[in-house]
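# Per-entry structural report
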Amino acid sequence: MHINLARRDLKFNPLVVLETIGLQLIFGYFFYKSLIWTVALTPIFIFYYKKRLREIREKENWNTMLQFKELLIAVNGAIQAGASMENAFISSIDDMTGLFGKDSVIVRELFIIKKGLGNNRRLSDLLQNFSIRAEVTEVKNFANIMVAGQHSGGNIKSIMDTYIHMIDEKVAVLQETNNLMASAKYEQRIMNIVPFLIILYVEITSRGFFDMLYHNIFGNIVMSFCLGIYICAVVLAEKIYRIRL
C-alpha cells in the first residue's frame, strides 16, 4: 500500500465546507426564502463541494508539475556535471528548497527518495512510488521511462533532455492558453453573480416585487426552473473554458 505522505488529504476541507454552506444559504435565500427548500438544495451543493475539491487537486497537480520540471532541470545539470542519477536527486534538495520552500511537495518527496536510497532501495522503485503519490501524468511517465531506460541501458542524459523539452512545451502551451482565456473567465465569474445583484437591487428599490414567487407552490416551481437554467448556464460556461492538465 502506498500512502500519500506528500499531499494534504482533500476528502475534507473545512474552508470549502464553509464556502459551500455559505453559497447554499445564499441560493436558498434568493431562490426560495425558505429553510426547507434551502436544505433541499443539499444534493446540489454536495456536487459543488466535490467539484471544488477536484479544482484544488488540479491546482496542486499543476504546481507539482511545475516543481517537477525544475527538479528535472536540476537533476539533469548534476548529471551533466558527472554525478550519478542517485546523487543528482539528493543534491537537488537544496536547490528545490531554495525555489519552493521546505514544505513544498517536491522537497518532501525528495526527502522520501533520499531516505529510501539510504535504506538501499532502488531509485527506479522510489520514482514509481513518487509517481503513485503525485498523481501527475508527467511524473508517472517519467518514472516509467526511467525504469525502462535503466533496464535497457538507454542514454539517461538524452532521455532527460527530451523529457524536459516535452514538459517545457506543455507548460508553455497551457500557460499561453490560460493567459488568453483569463479575461473570458473573469467575465464569466462576473456574469455568474449578476442575477443575484439584479434581484437584490429590485428587492431594495421595489420591496415586495418578488413576493408572489416565494412561499407558494407556483413560485417554487418557477424559481426551481430558473435555478436549473442558471446551473446549466454556469456548468456549460465552465466546460467551455475548462483546460485539463
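Whatever comes next refers back to the structure up there.
Attention in this report is confined to the structure presented alongside it. (Residues numbered from 1 in each chain as written. Predicted model: local features only at pLDDT ≥ 70, side-chain atom pairs only at ≥ 80, totals over all residues. Heavy atoms only, no water.)

## Considerations on the overall build of the protein chain
Basically, it comes down to this: Strands are runs of DSSP state E lasting at least 2 residues, helices are runs of H or I lasting at least 4, and numbering of each runs from the N terminus. Any residue under 20% of the maximum accessible area for its type is buried, any over 50% is exposed, and the rest in between are partly exposed; the area is computed with a 1.4 Å probe on protein chains only. By definition, residues are in contact when any of their heavy atoms lie within 4.5 Å. What sets the accessible areas is the Shrake-Rupley method with a 1.4 Å probe; for residues, cover comes only from the shown protein chains. Within this scheme the basic residues Lys and Arg register as positive and the acidic residues Asp and Glu register as negative, but His and the chain ends are omitted. The atoms used to mark charge sites are NZ of Lys, CZ of Arg, CG of Asp and CD of Glu.
Within the protein chain one finds 9 helices and 0 strands. Listing each helix as α and each strand as β along the protein chain from the N terminus yields α-α-α-α-α-α-α-α-α. Here the protein chain holds 245 residues, and the buried ones make up 38% of them. Pairs at least 24 apart in sequence give 67% of the contacts found in the protein chain among residues at least 6 apart. Surface accessibility of the protein chain: about 14800 Å² in total, with carbon and sulfur atoms responsible for 64%. Across the protein chain, the centroid of the 27 positively charged side chains sits 6 Å from that of the 22 negatively charged ones.

## Details of the pattern of salt bridges
For side chains of opposite charge, pairing can occur when their charged atoms come near one another. The cut-off we apply is this: Think of a salt bridge as a Lys or Arg side-chain nitrogen and an Asp or Glu carboxyl oxygen that are within 4 Å of each other.
Taken as a whole and assessed by the stated rule, the structure comprises 10 salt bridges. Between Lys 69 and Asp 168 there is a salt bridge, and its shortest N-O distance comes to 3.4 Å. Of this pair, Lys 69 sits in helix α3 (residues 42-80) while Asp 168 is found in helix α8 (residues 156-205), placing the two residues 99 residues apart along the sequence. You can call Lys 69 buried: its relative accessible area is 13%. In this structure Asp 168 comes out as partly exposed when scored by relative accessible area, which is 32%.

## Describing a nonpolar patch on the surface
Heads up, the condition is: The residues that make up patches have over 30% relative accessible area and no salt bridge, and they are joined within 9 Å when like-charged or within 5 Å when they are Val, Leu, Ile, Met, Phe, Trp or Tyr.
Where nonpolar side chains cluster on the molecular surface, the patch consists of Tyr 186, Ile 190, Ile 193 and Leu 197 and spans about 390 Å² of accessible area. Looking at the secondary structure, you find Ile 193 in helix α8. What makes Ile 193 partly exposed here is its relative accessible area of 43%.

## Here's the deal with the side chain of Ser 92
Along the chain, Ser 92 falls in helix α4 (residues 85-100). In contact with Ser 92, other than residues within four places in its own chain, are Leu 71, Ala 74, Val 75 and Leu 110.

## Looking at the packing of α4 against helix α5 (residues 105-118)
The condition that has to hold: Lines fitted to C-alpha atoms define the axes, with helix axes restricted to the stretch in contact, and inter-axis angles between N-to-C directions lie between 0 and 180 degrees. An angle counts as roughly parallel when it lies under 35 degrees, as roughly antiparallel when it exceeds 145, as roughly perpendicular when it falls between 65 and 115, and as oblique in every other case. By definition, any crossing whose near helix is turned counterclockwise from its far helix by less than a right angle is left-handed, and any crossing with a clockwise turn is right-handed. Residue classes follow a fixed rule: Ala, Val, Leu, Ile, Met, Phe, Trp, Tyr, Cys and Pro count as nonpolar, while Asp, Glu, Lys and Arg count as charged, and any other residue, Gly among them, counts as polar.
Where α4 contacts α5, the two axes come as close as 9 Å, and the packing angle between them is 155°. Taken together, α4 and α5 sit at an angle that is classed as roughly antiparallel. Where α4 crosses over α5, the two elements pack in a sense that is left-handed. In this structure, α4 contributes Glu 86, Phe 89, Ile 90, Ser 92, Ile 93, Met 96, Thr 97 and Phe 100 to the contact, and α5 contributes Ile 106, Val 107, Leu 110, Phe 111, Ile 113, Lys 114 and Leu 117. Of the residues belonging to the contact of α4 with α5, the class tally is 11 nonpolar, 2 polar and 2 charged.

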